[in-house]
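These are the residues of each chain, in order.
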Amino acid sequence: MASTIPDPRPGAQGAHSTPPATDRAGRVEVHGIDHIPDTERHGRPRELFAVWAAANVNYLSLVIGGALVLMGLSLPQALAVIVVGNLFWLLTGVLAMSGPAAGAPSEVITRAMYGVRGNRVNNAVTGWMISVCYFALNLAAAASAAFALVARTGLPVNTAVKIAVVLAIAAVTLTISVYGHALIVKLYLPLTIALTAAFGVVAYAVLLHADFGYTPEASSSGVDLWATLLAGVTVIASGPLSYTTSADFSRYLPRTASPRAVVGWTAFGGFLPSVVVCSLGALAATAVDMTDPQSALEQILPGWFSPVFLLALVLGTISLNALTAYSAGLALQAVGIRIRRSLSVIVDGAVASALTLYALLVSNFLDTVSNVLQLTVVLLGPAMALYATDIWLRRNRYDGLALMDESPASPFWYTGGVHGAGALALGAGVTAAALCVNTLYTGPIAAALDGVDLALPVGIVVTSACYGLLTRASRRGVLGSCCLSPDARVLMPGSCSCK
């Protein structure tokens, strides 16, 4: 798959080994959602491995792995679900491929799919709102581990201490996000090594106590088993599907960067640690009660290691949340708010911190948010499918400078600022997924199938098929301005100059 049409501009074909002054670890990142010039592109695709690995050696993966066993799956079934669900990291990798091609973040590239105005709505919901909710949930998880760590020092874990801990974790997270891309790339390799070492000790303890012949007391079969297996795959897949913004971290790579390498290092960086850590959670669930993972794991860990384990949980969540906050800041800009990226990150962090404090000190708000996020696969699955389909149809050819144009003269203005094909395809996919879901509510199709939840595959297939068909239909101007892609007999709005 070609990455882009050859660019004759100076520096377009060259890679830079030394980061430019605008993207160095000790300086606040200058760029927001604006285009990255070829003269400022640098780095290699392999750097993406550590970025995604550090974010996935975390507490949440342990919890999810243990949850599969608690759902009633046997150990082999849980391990199989973990592998299958994490294969969706391949889609995350495919989306990352568009970053070097466009020199723009995902929040801008999606203008090609939804139109300039339609993309603002997409970023408000898929980009900003969901990211802030995830930030709040992860911050609460990190705070819980930090509270236990503080308690070991003998300090009282009262309201004032809780507020201080939450704000301290948020401050560290937001500092990484504000400094941005260069600091993330430089910091996440040593973080990956440190977290891997810590979880290596956890792995040793878990393997010593795990019951490799574990089978649940009441095993499922038939439709019930399939319903549980599909639910497990959906839970695991919700992780990679939440990263519809993977181009945010690949956009600084030279446009000549190998698309396959970008896909491979991104996908492998997410897949490998997720499989390993989720599997540890499943193995631990055969030996201890993973309904309270933090306390349960401390029972089988060496006493001296417990504080290190708690610190690793906090650092892993900070790594994860720094990526989330970074993308949320870009999403806030892409909504149309004229604000510097560094300030938008701080705004997002302040909102998420306020939600977390309210949840921890006043109500069970995060429980409500957590339940709502179970339904995000209904939206995120179709959104990622549409993005990946657009990359395939365009052969990953994106004009980054044209994507920056938000005026009615933009090739991505379409009709009234909305790309009909993208909006209709996403709507069809989300509707189809909602009919098949079985989480907080049971859709009519799921009910007819005795609770089998097909929301994930149905949402993906319906969205991709509809987008392909509707895009072809625009050949006659039905859905807006259009032209024919030179490498494939596919009509693609905004992909080149109409003749």
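Preceding this section is the structure that the text describes.
Everything quoted here is computed from the prediction, not taken from an experiment.

Criteria and cut-off values
Every chain is numbered on its own, with residues counted from 1 as its sequence reads. Restriction of local features to residues with pLDDT of at least 70 applies here, the model being predicted, together with a cutoff of 80 or more for giving and counting side-chain atom pairs; totals for whole chains, interfaces and linings are based on all residues. Water and hydrogen atoms play no part in the side-chain values, which are based on all heavy atoms of the structure. The pairing test for Phe, Tyr and Trp rings, Trp by its six-membered ring, is centres within 6.5 Å, and the orientation test on the planes gives stacked under 30 degrees, edge-to-face over 60, and tilted for anything in between. Helical segments are the DSSP runs of H or I of at least four residues, strand segments are the runs of E of at least two, and each set is numbered from the N terminus. The rule is simple: take the accessible area with a 1.4 Å probe, protein chains only, and divide by the maximum for that residue type; under 20% is buried, over 50% is exposed, in between is partly exposed. A ring is scored as having a charge over it whenever the NZ atom of a lysine or the CZ atom of an arginine sits within 6 Å of its centre and within 35 degrees of its normal. The contact criterion used throughout is that any non-hydrogen atoms of two residues lie within 4.5 Å. Grouping into patches uses exposed residues only, defined as over 30% relative accessible area, and leaves out salt-bridged ones; the cut-off is 9 Å for like charges and 5 Å for nonpolar side chains (Val, Leu, Ile, Met, Phe, Trp, Tyr). Values of accessible area rely on a 1.4 Å probe in the Shrake-Rupley scheme; residue burial ignores everything except the protein chains shown. For salt bridges, the criterion is a side-chain nitrogen of Lys or Arg within 4 Å of an Asp or Glu carboxyl oxygen. The arc in question is the one spanned by the directions pointing from the helix axis to the C-beta atoms.

### Some words on the packing of aromatic side chains
(1) Moving on: Scanning the entire structure with this criterion turns up 9 aromatic pairs.
(2) Moving on: Ring centres 4.9 Å apart and planes at 80° place the aromatic pair Trp52 and Tyr243 in the edge-to-face group. Taken as a pair, Trp52 in helix H1 (residues 47–54) and Tyr243 in the loop between helix H11 (222–241) and helix H12 (259–284) lie far apart in primary sequence, 191 residues in all.
(3) Moving on: Residue classification places Trp52 among the buried positions, given a relative accessible area of 0%.
(4) Moving on: Here Tyr243 falls in the buried class, since its relative accessible area comes to 8%.
(5) Moving on: Ring pairs connect the aromatic residues Trp52, Trp89, Tyr243, Phe249 and Tyr326, which therefore count as one cluster.
(6) Moving on: When the ring centre of Trp392 is taken as origin, the NZ or CZ atom of Arg395, which lies over that ring, is 5.3 Å away.

### Some points on the environment of Ala170
(1) Moving on: Its location among the elements puts Ala170 in helix H9 (residues 159–179).
(2) Moving on: The spatial distance from the C-alpha of Ala170 to the C-alpha of Ile346 is 9.6 Å, given a sequence separation of 176 residues.
(3) Moving on: For Ala170, the contacting residues outside a window of four places in its chain are Leu139 and Ser353.

### A short note on a nonpolar patch on the surface
(1) Moving on: Together, Trp265, Phe268, Leu272 and Val276 make up an exposed nonpolar region whose accessible area comes to about 340 Å².
(2) Moving on: Within the secondary structure, Trp265 is located in helix H12.

### Quick word on helix H13 (residues 293–300)
(1) Moving on: Taken residue by residue, H13 has Pro293, Gln294, Ala296, Leu297 and Ile300 as its buried positions. For H13, the angular spread of buried residues about the axis comes to 165°, placing them on one side.
(2) Moving on: Against helix H2 (59–70), helix H8 (116–152), helix H10 (181–209), H12 and helix H14 (306–334) lie the buried residues of H13.

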